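# Reading the structure
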Amino acid sequence: MRPVCPRCGKETDLLENGMCAECRLRHASPVKVHTPETLRVCRGCGAVFEGRWVDVDDIEQVIRRRVLDSIEVAPEAKDVDIEMSLAQMSSNMYRVEGKVVANERNWPFVLHIRLAYESCPSCSRRSGGYFEAVVQVRSYARSPTEAELERVRHTVDVLFSRLREKGERLAFLTKEERVRGGIDLYVGSAKAAKKLCTEVLSQMGGTLTTSSTLAGRRDGRDVYRITYALRLPGLSAGDVVSYKGEPHVVVGVRDRVHLEPLYGRGSRHVPLDEPMDVLGKLSNVISTTVLEEDATALLVLHPSTLTPVWVRRVEGVHAGDELGVLVVGSELLAIPKRYL
Ligand SMILES: [Zn+2]
Ligand SMILES: [Zn+2]
């Protein structure tokens with residue numbers, strides 16, 4: 001005769017602990033709760049250590065995951081669900097209360113997660129002034145403008161936080177130094193510095209030269225410090241320049257300057273380091289009235305000194321018409337209609 005389970009009254013093959021297998025599953029706890037490890041948190045950047053240092057947006061999410069990792073549920077348990085609520089007890093302690101729902105029963109638990117604060121390696125390097133590369137931001141033709149430097153700084157912010165999110169933890173700016181002709185950016189990671197240069201070049205044009213010097217040895221290996229000399233074009237589309245004694249309009253800038261002669265046809269691409277004087281910008285052209293004309297010249301009033309000045313004749317403009325001029329010191333540059 002088969003034994004009868006005293007709990008459910010059903011016949012069974014084997015009684016163990018005085019129950020059939022089905023009752024054992026229902027009554028024995030399918031849940032084991034382990035003590036979670038202390039959570040190491042960087043006091044500088046808030047990163048947590050999970051095998052390696054990772055940036056986190058929400059530490060409570062990390063704690064929830066830790067709790068889930070600490071709860072072991074028997075694989076044969078049915079309809080498993082885990083609920084929990086977190087309470088921060090102090091700066092370094094969270095209390096987590098919750099329950100595991102399994103086999104149509106609740107298995108409550110209370111856990112304490114301890115937080116230990118320290119400095120992650122990238123924060124301690126950063127505060128120690130660590131850098132692998134220097135990006136020298138300079139410009140052809142003149143010093144970089146404040147607007148250009150702001151644009152570079154903005155690129156640093158956006159790019160470096162993206163790189164840090166991707167795990168490039170040394171993508172930080174150690175310091176910025178103002179120097180004659182521009183700024184020097186000290187960057188934690190040489191890789192991040194290189195990416196910064198590539199990004200700035202693609203946004204603003206210019207040229208890049210790289211050099212490296214031996215900075216010492218670490219862990220038996222030579223450590224090089226890399227210098228990226230980044231030179232912005234110093235010119236932008238719409239600038240009017242004097243090139244080889246003739247006025248030209250800058251139509252575009254990449255790693256070369258694309259020029260069009262102000263009076264004449266054709267265009268040319270010249271290297272960024274060709275000597276050029278900036279005369280002004282097309283956006284600063286002002287309008288004045290033509291008083292007289294002859295075969296080669298137009299007489300206009302100088303807009304600031306109000307004295308009559310002869311300027312070069314441009315196509316399609318006659319006495320009585322409006323003429324766009326660029327003020328270059330005491331002289332005026334007549335601007336052909338196609339640039340207005
Ligand atoms: Zn039973
Ligand atoms: Zn940190």
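Up top is the structure.
Here's a quick rundown of the structure. Along each chain, residues carry numbers from 1 onward, in the same order as the chain's sequence is written. Whichever chain is written first is A, and whichever ligand is written first is 1; the rest continue in order. Given that this is a predicted model, residues contribute local features only at a pLDDT of at least 70 and side-chain atom pairs are listed and counted only at 80 or more, while totals for whole chains, interfaces and linings are drawn from all residues. Where side-chain values are given, they derive from all heavy atoms of the structure, hydrogens and water being excluded.

## Let's talk about the coordination of the zinc ion (ligand 2)
Put simply, the test is: Each metal's donors are the N, O and S atoms within 2.8 Å of it, or within 3.2 Å when it is Na, K or Ca, and because water is not part of the set, sites may look incomplete. By the criteria applied here, four donors are tetrahedral when all angles lie between 85 and 135 degrees, four are square planar and six octahedral when opposite donors are over 155 degrees apart and every other angle lies between 65 and 115, and any other arrangement is irregular. We call a residue buried when its accessible area falls under 20% of the maximum for its residue type, exposed when it is over 50%, and partly exposed in between, using a 1.4 Å probe and counting protein chains only.
Coordination of the zinc ion (ligand 2) by the protein is provided by Cys42 (SG), Cys45 (SG), Cys120 (SG) and Cys123 (SG), with metal-donor distances spanning 2.2 to 2.3 Å. One can describe the donor arrangement at the zinc ion (ligand 2) as tetrahedral, given that its 4 donor atoms subtend angles of 105 to 113° at the metal. Using a relative accessible area of 35% as the deciding quantity, one classes Cys45 as partly exposed. Exposure remark for Cys123: the relative accessible area of 15% places this residue in the buried category.

## Focus: the environment of Asp222
For clarity, the threshold we go by: In DSSP terms, a helix is any run of H or I states spanning at least four residues, a strand is any run of E spanning at least two, and both are numbered starting from the N terminus. Each polar contact in these results corresponds to two N or O atoms within 3.5 Å; when the atoms are within protein, one needs to be able to donate a hydrogen and the other to accept it, and residues that are neighboring in sequence are counted only if both atoms are side-chain atoms.
Positionally, Asp222 belongs in strand S13 (residues 221–232). In this structure the side chain of Asp222 is engaged in a polar contact, spanning 2.6 Å, whose partner is the side chain of Arg217.

## What to know about the sheet that holds strand S20 (residues 297–301)
Stated formally: Any two strands with at least two DSSP bridges between them are considered paired. The convention used is that axes are lines fitted to C-alpha atoms, helices contributing only their stretch in contact, and that angles between N-to-C directions extend from 0 to 180 degrees.
Ordered by their spatial adjacency, 5 strands build an open sheet running S21-S20-S19-S22-S23, and the pairing between neighbours is antiparallel. At either margin of the open sheet sits one strand with a lone partner, and together these are strand S21 (308–312) and strand S23 (331–335). With strand direction ignored, the average angle separating the axes of adjacent strands in the sheet is 50°. Here S20 pairs with S21 via 5 bridges, running antiparallel. Note that in S21 the partner of Leu301 across the bridge is Pro308.

Take it as geometry only, folks, not as evidence of what the structure does.
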